[in-house]
Amino acid sequence: MDTTSQNSYQEKALELLFADADKIAQLIRVQMENLTMPQCPLYEEVLDTQMFGLSREIDFAVKLGLLNRDKGREILDSLEKELSALHDAFTKK
C-alpha cells in the first residue's frame, strides 16, 4: 500500500472514531443536563456499551496500523473524564 493510501485510510479511521466519540459525548451532555442517572439505569448501560464498542473500534484501528495507540487512549480518556464529571455532578446534586 502506498503512503498516500495509508494516510487516507488513517484520516478516515480517525474521522469515524471522532464521530462515534462525539455521539457518546452528546449522550453524556444530555445526561448532564438532566442528571437522571439513577432513575434511568438503562441510560448508563447504553453509555457503557457505547464506550466498550468505541474501545473495540479503536483497538481494531490500532491493530490495522491506522491509529496510534496513544491517540486512541486520548479519545477514550476524554470521554472517561466527561463520564466522571457526570457522576460527580450527580452525586453533588
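Above this text sits the structure in question.
Before going into details, it helps to say that this report is about the structure given with it. Counting restarts for each chain, with residues numbered from 1 along the sequence as it is written. Totals for whole chains, interfaces and linings use every residue, but because this is a predicted model, local features are given only for residues with pLDDT of at least 70 and side-chain atom pairs only at 80 or more, for both listing and counting. With hydrogens and water set aside, each side-chain value is computed from the structure's full complement of heavy atoms.

### Digging into the overall build of the chain
Secondary structure is summarised from DSSP: a helix means a run of H or I of at least four residues, a strand means a run of E of at least two, and numbering begins at the N terminus for each. Within the chain, the regular secondary structure consists of three helices and zero strands. Along the chain, helices and strands appear, N-terminal first, in the series α-α-α. Looking at the 93 residues of the chain, the share that counts as buried comes to 27%. Pairs at least 24 apart in sequence give 70% of the contacts found in the chain among residues at least 6 apart. Note on areas: Shrake-Rupley with a 1.4 Å probe; residue coverage comes only from the protein chains shown. By element, 54% of the accessible surface of the chain is carried by carbon and sulfur atoms, the whole surface being about 6,300 Å². Note on classification: 1.4 Å probe, protein chains only; a residue is buried when its accessible area is under 20% of the maximum for its type, exposed when over 50%, partly exposed between these limits. We call two residues in contact when some of their heavy atoms are within 4.5 Å.

### Examining the pattern of salt bridges
If charged atoms from side chains of opposite charge come close, those side chains can pair. Criterion for a salt bridge: a side-chain nitrogen of Lys or Arg within 4 Å of a carboxyl oxygen of Asp or Glu. Scanning all chains against the criterion turns up eight salt bridges. Put simply, D20 and K23 hold a salt bridge, and the shortest N to O gap is 4.0 Å. With D20 and K23 both in helix 1 (residues 3-34), this residue pair falls three residues apart, about one helical turn. The exposure class of D20 is partly exposed, given its relative accessible area of 21%. Its salt-bridge partner being D59, residue R56 comes within 3.2 Å of it at the nearest N-O pair. Of this pair, R56 and D59 both sit in helix 2 (residues 41-63), three residues apart, which is roughly one turn of the helix. A relative accessible area of 42% places R56 in the partly exposed class. By sharing partners, the salt bridges in this structure join R56, D59, K63 and R69 into a single network.

### Some remarks on the environment of D48
Along the chain, D48 falls in helix 2. D48 sits in the partly exposed class, given a relative accessible area of 45%. Once the C-alpha coordinates of D48 and L83 are considered, the two residues, 35 residues apart in sequence, prove to be 9.7 Å apart.

### Section: helix 1
The end-to-end C-alpha distance of helix 1, which contains 32 residues, comes to 47 Å, matching closely the 46 Å that a straight helix rising 1.5 Å per residue would cover. Along helix 1, the positions that sit buried rather than exposed are A13, L17, A21, I24, A25, I28 and Q31. An expected span of 1.5 Å times one less than the residue number is assigned to each helix.

### A word on helix 3 (residues 69-92)
Given a rise of 1.5 Å per residue, 24 residues ought to cover 34 Å, and the 34 Å separating the end C-alpha atoms of helix 3 matches this to within 8%. Looking at helix 3, one finds that the buried residues are G72, I75, L76, L79, L83 and L86. Between the side-chain oxygen at the start of helix 3 and the backbone nitrogen of D70 there is a gap of 2.6 Å, and the oxygen is on N68. The term polar contact refers here to a pair of N or O atoms within 3.5 Å; inside protein, the definition further demands a hydrogen-donor-capable atom paired with an acceptor-capable atom, and it admits residues adjacent in sequence only when both atoms are side-chain atoms.

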